[in-house]
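Next come the chains, spelled out residue by residue.
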Amino acid sequence: MSGKGGNNRKNRQGLQNKTRFSGRREDTQKHAKKHTAVTGGENLFSEGKFEKNRSSPHDRPQWTAPELPASSPITTPDCSWCGKQINDITTAICDKDTGRPVHFDCVLARISEIENLDTNDSVCYIGGGRFGIIHYNNPPDMRDFTIKKIYEWEVKDVNSEWRRPISEYFSIT
């Protein structure tokens with residue numbers, strides 16, 4: 001028979017092997033015996049050679065959570081545009097004129113009112129305090145779009161006073 005490996009091999013009696021990978025199993029068993037004879041046991045960590053890298057949970061210092069800032073709790077101001085309370089202040093964005101917090105959805109609605117949107121256009125937040133008018137070339141495929149217009153809504157260098165207490169909660173560690 002031709003071939004060097006697999007089930008094409010013949011055993012010593014000239015019969016084809018019935019069990020799969022029988023020769024390999026014997027080799028791995030021999031290797032395992034040789035390995036345990038060299039290392040002195042089955043467990044590599046029994047020698048103490050690797051024990052310094054293993055530590056018990058009692059040896060490790062216990063992690064303690066950092067304390068929250070001592071300042072007053074985060075206030076929930078009212079939106080200067082719609083007058084409703086901003087329940088999640090982390091999603092608020094600065095008013096372009098006054099710098100006070102407004103709802104993110106209020107900004108989207110105001111830009112939508114200002115712009116004449118075509119059928120495949122929408123207003124999106126594109127990051128860095130900027131909004132954009134997005135035109136989708138193929139609406140089912142949201143990856144194929146062009147930005148028609150960009151609104152620089154927030155100035156990157158200006159830190160709003162109402163964001164300072166919030167940033168303390170997010171910058172603990």
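What counts, and at which threshold
- Residues numbered from 1 in each chain as written.
- Predicted model: local features only at pLDDT ≥ 70, side-chain atom pairs only at ≥ 80, totals over all residues.
- Heavy atoms only, no water.
- 1 Å grid on protein atoms, 1.4 Å probe; cavity = no way out; pocket = protein on both sides within 12 Å on 5 of 7 lines; lining within 4 Å.
- Points joined across faces, edges and corners; volume = space filled by probe spheres on them.
- Nonpolar A, V, L, I, M, F, W, Y, C, P; charged D, E, K, R; others polar.
- Helix = DSSP H or I, 4+ residues; strand = E, 2+ residues; numbered from the N terminus.
- Contact = heavy atoms within 4.5 Å.
- Polar contact = N/O pair within 3.5 Å; in protein donor to acceptor, adjacent residues only side chain to side chain.
- Core = buried A, V, L, I, M, F, W, Y, C linked by side-chain atoms within 4.5 Å.
- Buried < 20%, exposed > 50% of the residue type's maximum accessible area, 1.4 Å probe, protein only.
- Pairing = 2+ DSSP bridges.
- Axes fitted to C-alpha atoms, helices over the stretch in contact; angles between N-to-C directions.

The next thing to look at is the layout of surface pockets. Empty space within the second largest pocket amounts to approximately 270 Å³. Along the walls of the second largest pocket sit 16 residues, with Cys 94, Val 155, Val 158, Ser 160 and Arg 163 positioned nearest its centre. The residue inventory of the lining of the second largest pocket, partitioned by class, reads four nonpolar, six polar and six charged.

Next up on the list: the side chain of Ser 160. In this fold, Ser 160 is placed in the loop between β5 (145-152) and α3 (164-170). Beyond its immediate sequence surroundings of up to four residues, Ser 160 is in contact with Cys 94 and Gly 99.

Turning our eyes to something else, we now look at the side chain of Glu 115. With respect to the helices and strands, the residue Glu 115 is situated in the loop between α2 (104-114) and β3 (121-127). A distance of 2.3 Å separates polar atoms of two side chains, one belonging to Glu 115 and the other to Tyr 151. When sequence neighbours within four positions are dropped, the list of residues in contact with Glu 115 reads Ile 133, Lys 149 and Tyr 151.

A few words on the nonpolar core. Within soluble globular proteins, side chains that are nonpolar tend to cluster in buried spots. One finds Ile 89, Ile 93, Val 107, Ile 111, Phe 131, Trp 153 and Trp 162 to be the most contacted residues of the largest nonpolar core, which totals 17 residues. Among the elements that make up this core, the one with the highest residue count is α2 (three residues). Residues in contact with Ile 111, not counting those within four places in the same chain, are Val 123, Phe 131, Ile 133, Tyr 151 and Trp 153.

It is worth spelling out the sheet that holds strand β4 (residues 130-136) at this point. Strand order in the open sheet formed by three strands is β3-β4-β5, and the pairing between neighbours is antiparallel. Because the sheet does not close on itself, it has two edges, and the strands there are β3 and β5. Geometrically, the sheet is characterised by an average inter-axis angle of 30° between neighbouring strands, direction not taken into account. The pairing of β4 with β5 spans seven bridges and is classified as antiparallel. Bridged to Ile 134 within β5 is Ile 147. Contacting β3, β4 and β5, α2 crosses the sheet at an angle of about 55° to β4.

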